[in-house]
Amino acid sequence: MKSLISINDFNKEEMLHVLDLAEKYEAEPNCPIFNDKVIACIFFEPSTRTRLSFEAAASRLGARVIGFASLAATSIAKGESLKDTIKMVSNYADMIVMRHHLDGAARYASEIAGCPVINAGDGANQHPTQTLLDMYSIRKTQGTLENMSITMVGDLKYGRTVHSLLQAMSHFNPRFHFVSCPELAIPAEYRHFLDSRNIPYTEHHTLEGQISNTDILYMTRIQQERFQDPMEYERVKNLMSLDASMLTDTKPNLRILHPLPRIKEIATNVDDRPEAYYFEQARNGVFTRMGIFTYLMNQ
Amino acid sequence: METKKKLKVSAIKNGTVIDRIPSGELFHVIEILGLSRGGFQMTFGTNLESKVLGTKAIIKITDKFFEEDDVNRIALVAPDAVFNIIKDYMVVEKRRVVIPPEICGLVRCLNPRCITNHEPVKTRFSTSMGPGGIVLTCHYCEKETTQQNLQIISGN
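This is a predicted model, so every value here is computed, not measured.

> Summarise the overall build of chain B; cite the residues concerned and give the values.
If you tally the helices and strands in chain B, you get 3 helices and 9 strands. In sequence order, the secondary structure elements of chain B are arranged as α-β-α-β-β-α-β-β-β-β-β-β. Each of the three principal axes of chain B carries a C-alpha extent, and together these read 55 × 35 × 25 Å. Counting over 156 residues, chain B shows a buried share of 33%. Taking the intrachain contacts of chain B between residues at least 6 apart in sequence as the baseline, contacts between residues at least 24 apart amount to 61%.

> Account for the domain arrangement of chain A, with residues named and values stated.
All names here are of chain A. Domain annotation of chain A identifies domain 1 (31-126) and domain 2 (129-282). Taking the mean C-alpha position of each, domain 1 and domain 2 sit 28 Å from one another. Contacts between the two partners involve 7 residues from domain 1, matched on the other side by 6 residues from domain 2. Looking at the side of domain 1 that touches domain 2 residue by residue, the classes come out as 3 nonpolar, 3 polar and 1 charged.

> Summarise the sheet that holds strand E7 (residues 124-130) of chain B; cite the residues concerned and give the values.
Residue and element names in this part refer to chain B. Taken in spatial order, the 4 strands make up an open sheet running E6-E7-E8-E9, and their pairing is antiparallel. Looking along the sheet, the strands with just one partner apiece sit at the ends: strand E6 (102-104) and strand E9 (144-146). Averaged over all pairs of adjacent strands, the angle between strand axes in this sheet comes to 35 degrees, irrespective of strand direction. Bridge count for E7 against strand E8 (residues 133-138) is 6 bridges, and the pairing is antiparallel. From the neighbouring strand, Thr127 faces E8, where its bridge partner is Leu136.

> Any details on the packing of helix H5 (residues 128-142) of chain A against helix H9 (residues 278-297) of chain A? Residues and values, ideally.
Residue and element names in this part refer to chain A. H9 packs onto H5 with a crossing angle of 115 degrees between their chain directions and a minimal axis gap of 8 Å. As far as their axial angle goes, H9 and H5 are roughly perpendicular. For H5 against H9, the interelement crossing comes out right-handed. Between H5 and H9, the residues in contact are Thr129, Leu132, Leu133, Tyr136, Ser137 and Lys140 and Gln281, Asn284, Gly285, Thr288, Arg289 and Ile292, respectively.

> I'd like a description of the pairing of strand E5 (residues 149-153) of chain A, backed by residues and values.
All names here are of chain A. Judged by how many residues are buried, E5 sits mostly within the fold: 4 of 5 residues are covered. The pairing of E5 with strand E6 (residues 175-179) spans 5 bridges and is classified as parallel. Bridging from a neighbouring strand, Met152 pairs with Phe178 of E6. The handedness of the E5 to E6 crossover, carried by helix H6 (residues 160-169), is right-handed. In this structure, E5 lies alongside strand E8 (residues 216-219), joined through 4 bridges in parallel fashion. The residue bridging Ile150 from the neighbouring strand is Ile216, located in E8.

> Tell me about the sheet that holds strand E4 (residues 82-87) of chain B, and name the residues and values.
All names here are of chain B. Strands sit in the order E2-E3-E1-E4-E5 across an open sheet of 5 strands; the sheet is antiparallel. Edge positions in the sheet fall to strand E2 (42-50) and strand E5 (90-96), since each of these pairs with one other strand and no more. Neighbour-to-neighbour, the strand axes of this sheet turn through a mean angle of 20 degrees, independent of strand direction. Where strand E1 (residues 15-22) and E4 come together, 5 bridges link them in antiparallel fashion. In the sheet register, Gly15 faces E4, and the bridge partner there is Ile86.

> Tell me about the interface of chain A and chain B, and name the residues and values.
Taken together, the contact between chain A and chain B spans 14 residues of the former and 15 residues of the latter. Of all elements in the fold, only helix H3 (82-92) and helix H4 (105-112) of chain A reach the threshold of two or more residues within the side of chain A that touches chain B. A per-element tally of the side of chain A that touches chain B places H4(A) first, with 3 residues. In terms of residue class, the side of chain A that touches chain B is made up of 5 nonpolar, 5 polar and 4 charged.

> Before we move on, can you summarise the nonpolar core with the specific residues and values?
Counting residues in each nonpolar core, the largest one holds 117 residues, and the members touching the most others are A:Ile96, A:Ala109 and B:Val29. With 6 residues, the single largest contributor to this core is helix H1 (residues 12-27) of chain A. With residues up to four places along the chain from it excluded, the contact list for A:Ala109 reads A:Leu82, A:Ile86, A:Ile96, A:Met98 and A:Val117.

> Give a detailed account of unusual backbone geometry, specifying residues and quantitative values.
All names here are of chain A. Of note, the bond from Leu260 into Pro261 is cis; its omega dihedral lies within 30 degrees of zero at 5 degrees. Looking at the secondary structure, you find Pro261 in the loop between strand E9 (255-257) and H9. For Asn198, which is not glycine, the phi torsion reads 55 degrees and is therefore positive. Relative to the elements of secondary structure, Asn198 occurs in the loop between helix H7 (188-196) and strand E7 (201-204). With 7 C-beta atoms packed within 10 Å, Asn198 lands in the exposed category. Since 19 C-beta atoms lie within 10 Å of it, Leu260 is described here as partly exposed.

> Please set out the environment of B:Val82 residue by residue, giving values where relevant.
Residues and elements named next belong to chain B. Along the polypeptide, Val82 turns up in strand E4. C-beta crowding within 10 Å serves as the criterion here: with 19 such atoms nearby, Val82 is assigned to the partly exposed category. Through-space distance from the C-alpha of Val82 to that of Lys13 is 18 Å; in sequence the pair is 69 residues apart. Contacts of Val82, omitting those with residues within four sequence positions, involve Asp19, Arg20, Lys94 and Arg96.

The rules behind each value
- Residues numbered from 1 in each chain as written.
- Chains lettered and ligands numbered in written order.
- Predicted model: local features only at pLDDT ≥ 70, side-chain atom pairs only at ≥ 80, totals over all residues.
- Helix = DSSP H or I, 4+ residues; strand = E, 2+ residues; numbered from the N terminus.
- Buried ≥ 20, exposed ≤ 12 C-beta atoms within 10 Å, placed from the backbone.
- Contact = placed C-beta atoms within 7 Å.
- Domains from an automatic or database assignment.
- Nonpolar A, V, L, I, M, F, W, Y, C, P; charged D, E, K, R; others polar.
- Pairing = 2+ DSSP bridges.
- Axes fitted to C-alpha atoms, helices over the stretch in contact; angles between N-to-C directions.
- Parallel < 35°, antiparallel > 145°, perpendicular 65-115°, else oblique.
- Left-handed = near helix turned anticlockwise from the far one by under 90°.
- Right-handed = clockwise from strand over helix to strand, strands pointing away.
- Core = buried A, V, L, I, M, F, W, Y, C linked by C-beta atoms within 7 Å.

In structure tokens:
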């Protein structure tokens, strides 16, 4: 029995195997191989894309889906512990997909549950299925995962997708460029991680001038609540925003990714550009999650 | 001279003398090893002169012998400590503290949003050496707690 809690739970071969499965499912999206299975999607905090794409992936594999999308209608609202909730749900399902607002909640759940657990985001910690769909999107648009120049922009301190993607891509000889304000810079532990693997990276405070040599531009949302001073938020937001006029002198293979939801960090005039890939990226989430279900269910 | 020094340390007949404890960590060591409970006959001294540490604390416990796991539990607060096993007033064995690869239920996770600070979960860390000393990586939230920020869970 294997769970997916952190991207580090998968080695390079397992990641590539899931991407191969996702490719197969993109070619043939309806494969009801799990029509004898029940998958519980339990979301302790709100989500649109992640929850719907998990449910769509489970449905396309023929599994029945149970669960909840918010705390309001559950016994947790009555004070039930996470342990009791997970014990109960694992009696009803063959696999649990879980999102929780606390860091480490998914790992804890995987130790309690009698079935595999997939982490659909635990606080500011990990979101490994987003990472695998990001990798799928990179491989699909670039033809390879090797030797990519990846520019990560925005909230690099709290952005869990940034941290997971950085760890996952470390297997494929990447170069990173980090664009953020000092308050939201990439944490020291991740710089140490890259240093220990001799992976080159640069750090910048503005997006201007950082796009021309990039293969993948990975944009993230800057949350206003991270700033005490609203003026400072406005200043930083403008330095980290992408507009279509900035997409000159770019590499032909450049693709713009964003885990979504996007607020104003990508202007809507970018949406129709050939480099914009964030909506297709979200669509890839269904195939990637079908691949993850299949791999874990067969363990 | 050597014999005299050993006799001075082994002033209990049978038991353990824990030496080279940093003076400020004496009560943490007592807490971690659970010596304040269990009715042990124990004497301790602190702010004693030490060539290695400057000042040190020492604990002598009669008829108490520690398992290796217990010895290593104090690695976070007293990495230079030595456990002298005393039998019939003689030091028969010296055990040095080794940093264990994993530390469970001993230290609080520094991350206030970690599940271990919200549900009754026993904390669990893997250990590594960083530039400022021991670094603990939380098994649950994956965040790092450094030696400077250690918070020992009381009641161990």
